[in-house]
Amino acid sequence: MRKLVLPLVVALALPLTACGGGADDTTTLTVYAASSLTSSFERLGKRFEAEHDGVDVRLSFGGSSDLVTQIQEGAPADVFASADTATMDRLTADGLAAGDPQAFATNTLEIAVPPGNPAGITGLRDLTKPGVDLVVCAPEVPCGAAAVAVAKDAGVDLSPVSEEQSVTDVLAKVSTGEADAGLVYVTDVLGAGDDVEGIELPEASSVVNTYPIVAVEGAAQPGLARDFVELVVGATGRAVLGDAGFGPP
Amino acid sequence: MIPRWVYLPAALGAGLVILPLAGLASRVAWGDFLGLVTSDSALTALSLSLRTSLTSTLLCVLLGVPMALVLARTEFPGQGVVRSLVLLPLVLPPVVGGIALLYTFGRRGLLGTELDLLGVQVAFSTTAVVLAQTFVSLPFLVVSLEGALRSAGRRYEVVAASLGAAPTTVLRRVTIPMVLPGLVSGAVLAFARSLGEFGATITFAGSLEGTTRTLPLYIYNLRVTDPDAAVAMSLVLVVVAVGVIGLASQGPRERRSMP
């Protein structure tokens, strides 16, 4: 039996030692960012690595609220970028932000429809027509809160068939043609390419989501964290985010 | 008569299962517990979960009993392949099941046009929740019943048939009563699996209060805005799960005591 157990223990322990050894020559900067920032931050991470020798940028994307909860529970984040200020406020309220968060981008809602727009949606009013299956984000998440605000400002009563937990879930329901329309961010429609079509939503211009970023208090790499925030709020960040459809703060 | 060192990994394994439950319990806001688990949304989600899980358990029995009979009592070429396919949802990630259901029963799915002609829209409806739950739970009933059928053997059935009982009578009067404990524990497991179903539901059915937002989806939503309520509802599900396991483990014990 011992013959069998020993190699097993060694096999289990090996990856642990390998991990420790690798950390010697590179420094890792961990960035937590809202899902809608995925492609932009991947590009900015590459840029940052190119400018900083021996630095490895590790990106973790998710719903802003989820990420804050993870940081509150001790996740090793150096930088946090949120999709709205309300969620960022949860982090600052806990004293977990090193300095004041800086706004770096804005985003507004747009209607996403399946390719070919089968339900013939032309604007916000069409979403309330009977027989039109509308999918939105749940009011608890930033994109859902924005949808509620847009509908309220326009005096429209939306009755969605589903309230999803994230923009990605809404997009998936629309791109598969399961839903006739979904309310997502302009950048999501752009990022989805040919999978969905965007219908402009003038009513949404009054409801602007502002994205703040901050270095996390107690970060393992405070200097690098500040550098990364500088990169995002600076000209490079602006250009990359602008390409993805984000508006200036 | 086991080597003493076995206790160490065994205890570690038990800790891995039990500690998170203790962690969950440690976060429960006991003062508000009752208020949190009896809020309107919580009760709506709970009632939807119970109704859909009971319906899908019924469907599992209606479809699963014949399936188990065919697998345990007949022989046909390709039976092994059929059995593997039927058991696939056991090991399939539920989200994959959800995508598969979407491309089958969804509006643009395999059967979408036919269902549309019949005026049936499955997506975003409670029907979709039941379909997803039945899909993931069916193998639990089939596995458990097929095992019971095989271990019960055919002796009594053969005797009953030789005494002139028609096949349906044998099934009704001999086979089913004989494997009833296995059937019950299979049904209880299917119910538990339905109650916990999340991945296929959120992928296929969506999430809307009162229609498709079952308890697990409700907890998933809630953890963002009201972690206390999410923890409280999680504990409710843990208690239900413990009860279900207690019920299910009764089944095999009774079967073993049968002649």
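Residues numbered from 1 in each chain as written. Chains lettered and ligands numbered in written order. Predicted model: local features only at pLDDT ≥ 70, side-chain atom pairs only at ≥ 80, totals over all residues. Heavy atoms only, no water.

A word on the overall build of chain A
Broken down by element type, chain A carries nine helices and 10 strands. By principal-axis analysis of the C-alpha atoms, chain A measures approximately 70 × 50 × 35 Å. Looking at chain A as a whole, 48% of its 249 residues are labelled buried. For chain A, restricting intrachain contacts to residue pairs at least 6 apart in sequence, the fraction spanning at least 24 positions comes to 79%. For chain A, the accessible surface area stands at approximately 11,200 Å², while carbon and sulfur atoms represent 54% of it. (Helix = DSSP H or I, 4+ residues; strand = E, 2+ residues; numbered from the N terminus. Buried < 20%, exposed > 50% of the residue type's maximum accessible area, 1.4 Å probe, protein only. Contact = heavy atoms within 4.5 Å. Areas by Shrake-Rupley, 256 points an atom, 1.4 Å probe, with all protein chains shown as cover.)

Quick word on the interface of chain A and chain B
In this assembly, 25 residues from chain A lie in contact with 21 residues from chain B. Counting across the interface, chain A meets chain B through five salt bridges. When the shortest N-O distance is used, the salt bridge between arginine 107 of chain B and aspartate 180 of chain A registers 2.5 Å. Linking chain A with chain B are 11 residue pairs in polar contact (both at pLDDT 80 or more). Looking at the side of chain A that touches chain B, the elements with two or more residues in it are helix 3 (64–72) and strand 7 (162–164) of chain A. With three residues, strand 7 of chain A is the largest single contributor of residues to the side of chain A that touches chain B. (Salt bridge = Lys/Arg side-chain N within 4 Å of Asp/Glu carboxyl O. Polar contact = N/O pair within 3.5 Å; in protein donor to acceptor, adjacent residues only side chain to side chain.)

Some details on the sheet that holds strand 2 (residues 55–62) of chain A
Residue and element names in this part refer to chain A. Spatially, 2-1-3-10-4 is the arrangement adopted by the five strands of the open sheet, whose pairing is mixed. Only two strands of the sheet have a single partner each, and these edge strands are strand 2 and strand 4 (97–107). Going from strand to strand, the sheet's axes swing by 20 degrees on average, the running direction of each strand aside. Pairing geometry for strand 1 (residues 27–34) and strand 3 (residues 79–81), over three bridges, is parallel. Counted as the bridge partner of alanine 33 is alanine 81 from strand 3. Of the strands in this sheet, strand 3, strand 4 and strand 10 (209–216) are in contact with helix 4 (residues 85–93), which crosses strand 10 at around 25 degrees. (Pairing = 2+ DSSP bridges. Axes fitted to C-alpha atoms, helices over the stretch in contact; angles between N-to-C directions.)

Concerning the nonpolar core
All names here are of chain A. The biggest cluster of nonpolar side chains holds 68 residues, and the ones touching the most others in it are Leu37, Phe41, Phe104, Ile111, Leu127 and Phe228. Both domains that meet at this core, namely domain 1 (2–106 + 210–243) and domain 2 (109–206), each give it at least three residues. Non-local contacts of phenylalanine 228, meaning those with residues more than four positions away in its chain, are made with Leu29, Val31, Phe41, Leu44, Gly45, Phe48, Val57 and Val79. (Core = buried A, V, L, I, M, F, W, Y, C linked by side-chain atoms within 4.5 Å. Domains from an automatic or database assignment.)

Here we look at helix 9 (residues 167–196) of chain B
Taking 1.5 Å of rise per residue, the 30 residues of helix 9 of chain B would be expected to cover 44 Å, yet its terminal C-alpha atoms sit only 37 Å apart, more than 12% below that figure. Taken as a whole, helix 9 of chain B carries its principal kink of about 60 degrees at leucine 180 of chain B; the proline proline 181 of chain B stands between one and four residues after it. (Expected span 1.5 Å × (residues − 1). Bend = angle between axes of the 7 residues up to and from the residue.)

Some points on the confidence of the model for chain B
Should the pLDDT be low somewhere, the predicted coordinates at that spot are not to be read in detail. Residues and elements named next belong to chain B. Of all residues in chain B, 96% have pLDDT values of 70 or greater, and the mean over the chain is 90. Scored below 50 in pLDDT, residues 252–259 shows eight contacts in the model against residues more than four places distant or in partner chains. With pTM at 0.80, the complex prediction returns an ipTM value of 0.72. (pLDDT = per-residue confidence, 0-100.)

Considering helix 8 (residues 222–233) of chain A
Residue and element names in this part refer to chain A. With 12 residues, helix 8 extends 17 Å from end C-alpha to end C-alpha; this agrees with the ideal 16 Å at 1.5 Å per step. Taken together, the buried positions of helix 8 are occupied by Leu224, Ala225, Phe228, Val229, Leu231 and Val232. Angularly, the buried residues of helix 8 cover 160 degrees about the axis, an arc narrow enough to put them on a single face. (Arc of directions from axis to C-beta.)

Here we look at the state of the cysteines
Residues and elements named next belong to chain A. Going through the model one piece at a time under the given rule, you end up with one disulfide over all chains. What pairs with cysteine 137 in a disulfide is cysteine 143, and their sulfur atoms sit 2.0 Å apart. With the S-S dihedral at roughly -95 degrees, the linkage between cysteine 137 and cysteine 143 falls on the left-handed side. You'll find cysteine 137 and cysteine 143 in the same group, each marked buried. (Disulfide = S-S within 2.5 Å.)

A look at the environment of isoleucine 71 of chain A
Residue and element names in this part refer to chain A. Relative to the helices and strands, isoleucine 71 resides in helix 3. With relative accessibility at 4%, the residue isoleucine 71 sits in the buried group. For isoleucine 71, the contacting residues outside a window of four places in its chain are Tyr32, Ala77, Phe80, Leu91, Leu96 and Val216.

Concerning unusual backbone geometry
Residues and elements named next belong to chain A. Within the chain, asparagine 117 stands out as a residue other than glycine whose phi angle is a positive 45 degrees. Relative to the assigned elements, asparagine 117 resides in the loop between strand 5 (109–113) and strand 6 (134–137). Accessibility expressed as a relative area gives 14% for asparagine 117, which makes it buried.

Points about the packing of helix 3 (residues 40–73) of chain B against helix 11 (residues 215–225) of chain B
Between two packed helices, what matters for the description is the angle formed by their axes and the separation of those axes. Residues and elements named next belong to chain B. At their nearest, the axes of helix 3 and helix 11 sit 8 Å apart, and the two run at 150 degrees to each other. The angle between the axes of helix 3 and helix 11 places the two elements in the roughly antiparallel class. Taken together, the residues of helix 11 that come into contact with helix 3 (itself represented by Ser41, Ala42, Ala45, Leu46 and Ser49) are Leu215, Pro216 and Tyr218. Residue classes in the contact of helix 3 with helix 11 are distributed as six nonpolar, two polar and no charged. (Parallel < 35°, antiparallel > 145°, perpendicular 65-115°, else oblique. Nonpolar A, V, L, I, M, F, W, Y, C, P; charged D, E, K, R; others polar.)

A short note on the pattern of salt bridges
All told, the structure shown has 12 salt bridges over all chains when counted by the stated rule. The partner of aspartate 66 of chain A in a salt bridge is arginine 223 of chain B, and the shortest N-O contact between them spans 2.4 Å. Within this pair, whereas aspartate 66 of chain A is found in helix 3, its partner arginine 223 of chain B is found in helix 11, the two belonging to separate chains. The class for arginine 223 of chain B is partly exposed, based on a relative accessible area of 24%.

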